[in-house]
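Topology and contacts: notes
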Amino acid sequence: MATTKVEPKPVKAPAEASRGPEKSYEGITGKQLIELYRLMFLSRRLDDREILLKRQQKIFFQISGAGHEAMGVAAGLVLKPGYDWFYPYYRDRALCLSLGVTPLDMLLQAVGSAEDTASGGRQMPSHWANSKLKIVTGSSPTGSQLLQAAGCAEAGRFYAAHPDAAKKASGDYREFKDVTFQSDEITYVSCGEGATSEGEFWETMNTASTRKLPLLVCVEDNEYAISVPIEVQTAGGNISRLVANFPNFYFAEFDGTDPIASYTAFRKAAEHIRAGNGPAFLHGHVVRPYSHSLSDDERLYRPEAERREEARRDPITRLQMFLVREGILEEEAVTRLEKEVEAEVQEVSDRAVAAAKPAPDSVMRFIYSPNLDPTSAVFANEPAFANPKNHAQPTIAAATAQKTMADLINACLHDEMKRDPRIVVFGEDVADCSREEYLQQKLIKGKGGVFKLTAGLQREFGADRVFNSPLAEANIVGRATGMATRGLKPVVEIQFFDYIWPAMMQLRDELPVIRWRSNNAFSSPLVIRVAIGGYLTGGALYHSQCGESIFTHIPGLRVVFPSNALDAAGLLRTAIRCDDPVLFLEHKRLYRETYGRSHYPGPDYMVPFGKARIVQPGTDLTVITYGAVIPRALQAAQRLERELGVKVELIDLRTLNPFDWDTIAASVAKTNRALVAYEDSLSWGYGAEIAARIADKLFPQLDAPVRRVAATDTFVAYQPILEDAILPQANDLFRGMKELAEY
Ligand SMILES: Cc1ncc(C[n+]2csc(CCOP(=O)(O)OP(=O)(O)O)c2C)c(N)n1
């Protein structure tokens, strides 16, 4: 471990005879230092310009990189643009300039221009993105970039070990995903010391360490997170001390206002990583000469004396004095350089302010892939049963010779992994056995998921492609997102829907937003399989939850909820081959149910999204539902017909986002009555949206109010008597249908 505690002191050069631009300072020439100074000064002037523009109300937000410039340009000197990968923090303006983001690019984002190459006017300034330079679109949550960077690093290493996987292929998402990688590439990710308090920081350190990832984690420590000082944020006041025992890391702590000390740390870190020794952790002490952002006034919580003291460490003035003192630049030359920078900033500022604004009607662009529409006929492939005569549509009748939903999901995963070498499967317990030697020595059978849905995948495709994650759901989704950005197709598992919540930041603010916020420059198509639902007799609160409406409320995320084995196989294949992120909800109760079994439909069977299935045609009442309510509703509908002669048209939505409005509308036009049923608690549930749309759009065709049958507005209880009372049963559905038919 190479930890160096650096007290803030003036940039000091070793005493050497030669002076001037040719002299070298720990590997940086005087000439390079002049360029570093130019970039640092440019960075500061761009901040100042943005502050001015904000005051003139020409831009709408400002957050500066002031005080962090020396670390940024040092990183830029060591790392390779367009070769290494970057997940920069919002204070990394100087780094981005040194990588090749232009001042005009930056100000175009500040004004929110249509020509903003990072986001087309969709993101705040300093939310860097540049696909050519491999600067991956960043967001505002302080720690979510870290896990994605870990996934990005994993992807690079995966391609280096499996170069064939990088090849393009037609007919699925790979057609639209160019893959590049380098065997010694580095993924850079940075954050402030405040962000190290996020759990995702620790999850990233853990994974980088256990997997020896080529990841450079850089903490820019300005001792404040808005107004919260370091001693409140970090136990003992020093993050380096806390992380020092993570194995495999190169560590350095240094004065981040000194470009030479910073350069040395980055150079050594890069050597460590490129040699394949594992990740690096760099901790630079920097300053924050401006308030947190223009929305903050630090005078409210930092006394004048503290701010004056900090100003002595400003990296710009220190380097300027150093250049003059060392005879690298005459004072006159400094002035000239600064004037040139000022003129450049003025020029690009004028251009940015005059640049075209985005068109209001562009807002719907790039929520989903513009290239591959999963509702299209491309994804309508008929099943190829070995013996088609044997096949029956899902019924309640026992069909034991046929395959369960669990079988066909497993078969689909096998088929797709064989077909597509970019698929990786990971999650909690999904591997057959992490201690591979047990498998090789045939000592054990293997686990393959708590529900056995991934059984045999590791055996067939190896531990590089099928592996266990730590017990951390954000880790699973965040890493998968980073991998998918690089063109891999993670098909990850969240063991129970009830435990998806630690991943919520990644699922709400990251994964589904990446394409939209980068104006289609980046995308992360992947599949998250989640075991969901109740009716388990003893599943209780934490193994029975639904909650799909929370995810259908997220633009950019496809949500699928099959009710039978055949649909599960066909929809999962579409989910895997399509170009969007998909939440694939698998009802636990249906995994091995007799209802809805099917023969194996072959390796290319696909069901397009947004196409409902009419489970049973009818003329008197439309019932719209999905998932485990389907067999219960079918039972109720059959009883209704038997006892009252009422013919129910039962619609299985199959996918919840998108959903098949046309089928609903055609059915309601015929029956004039609609009941929406769902397993989740009634209020604010998924069916509320469907009911509202029917009431809104089909009002003239309705002979009765739109009704809903759903769970009570409670959690799901353990005792089966209570569970029965809480979740919608066939009797409840029967009652609801009867009342509506008789209305
Ligand atoms: C998850 C999350 N919580 C809160 C915020 C609001 N916020 C923005 S920046 C910030 C402080 C970040 O401090 P630090 O990581 O030390 O970086 P610095 O701004 O000091 O460079 C906070 C609380 C946020 N963006 N994301």
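Residues numbered from 1 in each chain as written. Predicted model: local features only at pLDDT ≥ 70, side-chain atom pairs only at ≥ 80, totals over all residues. Heavy atoms only, no water.

For the coordinates displayed, the defined rule picks out four cavities of 30 Å³ or more. Of the voids in this model, the largest cavity is the one considered here, and its volume is about 120 Å³. Together, 15 residues line the largest cavity, and Pro88, Tyr89, Tyr90, Gly138 and Ser139 are the ones closest to its centre. Residues of the lining of the largest cavity, tallied by class, amount to seven nonpolar, eight polar and no charged. (1 Å grid on protein atoms, 1.4 Å probe; cavity = no way out; pocket = protein on both sides within 12 Å on 5 of 7 lines; lining within 4 Å. Points joined across faces, edges and corners; volume = space filled by probe spheres on them. Nonpolar A, V, L, I, M, F, W, Y, C, P; charged D, E, K, R; others polar.)

Turning our eyes to something else, we now look at the sheet that holds strand β12 (residues 489-494). With mixed pairing, seven strands are arranged side by side in an open sheet as β11-β10-β12-β13-β15-β14-β19. The open sheet has two edge strands, β11 (466-468) and β19 (655-657), and neither has a second partner. For this sheet the average axis-to-axis angle between neighbouring strands, irrespective of direction, equals 20°. Alignment of strand β10 (residues 423-427) against β12, held across three bridges, turns out to be parallel. Considered in β12, the bridge of valine 424 is made with proline 490. Running at roughly 135° to β10, helix α13 (residues 405-419) makes contact with β10, β11, β12, β13 (527-532) and β15 (582-587) of the sheet. (Pairing = 2+ DSSP bridges. Helix = DSSP H or I, 4+ residues; strand = E, 2+ residues; numbered from the N terminus. Axes fitted to C-alpha atoms, helices over the stretch in contact; angles between N-to-C directions. Contact = heavy atoms within 4.5 Å.)

Taken together, the side chains of Lys442, Lys445, Lys447, Lys452, Arg459 and Arg592 define a basic patch exposed on the protein surface. As for its position among the elements, arginine 592 is in the loop between β15 and β16 (613-616). (Patch = residues over 30% accessible without salt bridge, like charges linked within 9 Å, V, L, I, M, F, W, Y side chains within 5 Å. Areas by Shrake-Rupley, 256 points an atom, 1.4 Å probe, with all protein chains shown as cover. Salt bridge = Lys/Arg side-chain N within 4 Å of Asp/Glu carboxyl O. Lys, Arg positive; Asp, Glu negative; His and termini not counted. Charge placed at Lys NZ, Arg CZ, Asp CG, Glu CD.)

So, on to α13. Between its first and last C-alpha, α13 extends 21 Å over 15 residues, near the 21 Å set by a 1.5 Å rise per residue. Within α13, twelve of the 15 residues are buried, which leaves the element mostly enclosed by the surrounding structure. (Expected span 1.5 Å × (residues − 1). Buried < 20%, exposed > 50% of the residue type's maximum accessible area, 1.4 Å probe, protein only.)

What follows deals with the confidence of the model for the protein chain. Overall, the prediction assigns the protein chain a mean pLDDT of 95, with 96% of residues at 70 or greater. Below pLDDT 50 for its whole length, residues 1-17 participates in 36 contacts with residues either more than four positions away or in separate chains. Residue range residues 394-399 is modelled with pLDDT below 50. Its contacts to residues more than four positions away, or to other chains, number 17 contacts. (pLDDT = per-residue confidence, 0-100.)

A few words on the site of the ligand. Around the ligand, a shell composed of 18 residues is seen, among which Tyr89, Tyr90, Arg91, Gly194 and Tyr224 lie nearest. One of the side-chain nitrogen or oxygen atoms of arginine 91 is found 2.7 Å away from an oxygen atom of the ligand. The separation between a nitrogen atom of the ligand and a polar main-chain atom of serine 140 is 2.9 Å. Considered on its own, the ligand offers 580 Å² of accessible surface; in the complex 74% of this is hidden by protein. (Near = heavy atom within 4 Å. Polar contact = N/O pair within 3.5 Å; in protein donor to acceptor, adjacent residues only side chain to side chain.)

With that out of the way, let us pick up the nonpolar core. Grouped together as the largest cluster of nonpolar side chains are 69 residues, with contacts concentrated most on Ile409 and Met737. With eight residues, the top contributor of residues to this core is helix α20 (residues 565-577). Other than its neighbours up to four places away in sequence, methionine 737 contacts Leu621, Val623, Ala633, Ala636, Ala637, Leu640, Val648 and Leu675. By size, the runner-up hydrophobic cluster in this structure holds 67 residues, among which are Ala70, Ala110, Leu216 and Leu323. (Core = buried A, V, L, I, M, F, W, Y, C linked by side-chain atoms within 4.5 Å.)

Moving on: the packing of helix α1 (residues 30-55) against helix α4 (residues 103-111). Contact geometry for α1 and α4: axes closest at 11 Å, N-to-C directions at 25°. What the angle tells us is that α1 and α4 run roughly parallel. As α1 runs across α4, the sense of the crossing is right-handed. Within the contact between the two elements, α1 uses Leu42, Leu46, Arg49 and Glu50 and α4 uses Pro103, Met106, Leu107 and Ala110. A class-by-class count of the residues in the contact of α1 with α4 yields six nonpolar, no polar and two charged. (Parallel < 35°, antiparallel > 145°, perpendicular 65-115°, else oblique. Left-handed = near helix turned anticlockwise from the far one by under 90°.)

The next subject is the packing of aromatic side chains. If you walk through the whole model with that rule in mind, you get 23 aromatic pairs. Centre to centre, the rings of phenylalanine 249 and phenylalanine 251 are 5.4 Å apart; their planes meet at 25°, and the pair counts as stacked. Sitting above the plane of the tyrosine 83 ring, lysine 80 keeps its charged end 4.3 Å from the centroid. Over the face of the ring belonging to phenylalanine 734 we find arginine 639, whose NZ or CZ atom lies 3.6 Å from the ring centre. (Phe/Tyr/Trp six-rings, centres within 6.5 Å; stacked < 30°, edge-to-face > 60°. Lys NZ or Arg CZ within 6 Å of the ring centre and 35° of its normal.)

So, about the pairing of β10. With five of its five residues buried, β10 lies for the most part within the structure. On β10, burial covers both faces: Ile423, Val425 and Gly427 on one face and Val424 and Phe426 on the other are all buried. When β10 meets β11, the two strands line up parallel, connected through three bridges. In the sheet register, glycine 427 faces β11, and the bridge partner there is asparagine 468.

Pairing between side chains of opposite charge can happen when the charged atoms of each approach one another. Considering all chains together, one arrives at 53 salt bridges under this definition. Residue arginine 288 pairs with aspartate 296 through a salt bridge whose shortest N-O separation is 3.9 Å. Judged by relative accessible area, arginine 288 falls into the buried class, the value being 1%. Residue classification places aspartate 296 among the buried positions, given a relative accessible area of 16%. The salt bridge involving lysine 647 is made with glutamate 641; its shortest N-O contact spans 3.6 Å. One connected set of salt bridges, linked through shared partners, spans Asp172, Arg174, Asp415, Glu416, Arg419, Asp420, Arg573, Arg577 and Asp604.

Checked against the element boundaries, threonine 454 lands in the loop between α14 (436-440) and α15 (457-461). For threonine 454, a relative accessible area of 0% puts it in the buried group.

On to unusual backbone geometry. The peptide bond linking asparagine 657 to proline 658 adopts the cis configuration, its omega dihedral lying at 5°. With respect to the helices and strands, proline 658 occurs in the loop between β19 and α22 (661-671). Residues other than glycine seldom take positive phi values, yet lysine 134 does so here, at roughly 60°. Locating lysine 134 in the fold gives a position in the loop between α4 and α5 (144-161). Look at lysine 134 and you get buried, because its relative accessible area is 11%. Positive phi outside glycine occurs at isoleucine 226, with the angle close to 50°. By the element assignment, isoleucine 226 lies in the loop between β6 (224-225) and β7 (228-229). Take isoleucine 226: its relative accessible area is 43%, and that puts it in the partly exposed class.

Together, Tyr438, Leu443 and Ile444 line one region of the surface with nonpolar side chains, adding up to about 260 Å² of accessible area. Along the polypeptide, leucine 443 turns up in the loop between α14 and α15. By relative accessible area, which is 54% here, leucine 443 ends up exposed.

So, on to helix α6 (residues 199-210). Compared with the 16 Å implied by 1.5 Å per residue over twelve residues, the 17 Å span of α6 between its first and last C-alpha is a close match. Count one or two residues on from α6 and you reach lysine 212, which has phi positive near 50°.

Once that is clear, we can look at the sheet that holds strand β8 (residues 250-255). Pairing within the open sheet is parallel, and its five strands lie in the order β3-β4-β5-β9-β8. In this open sheet, the two strands that pair with only one neighbour each are β3 (85-87) and β8. Across the sheet, the mean angle from the axis of one strand to that of its neighbour is 15°, orientation sign disregarded. Contacting β4 (187-192), β5 (215-221), β8 and β9 (280-285), helix α2 (residues 69-78) crosses the sheet at an angle of about 160° to β5.

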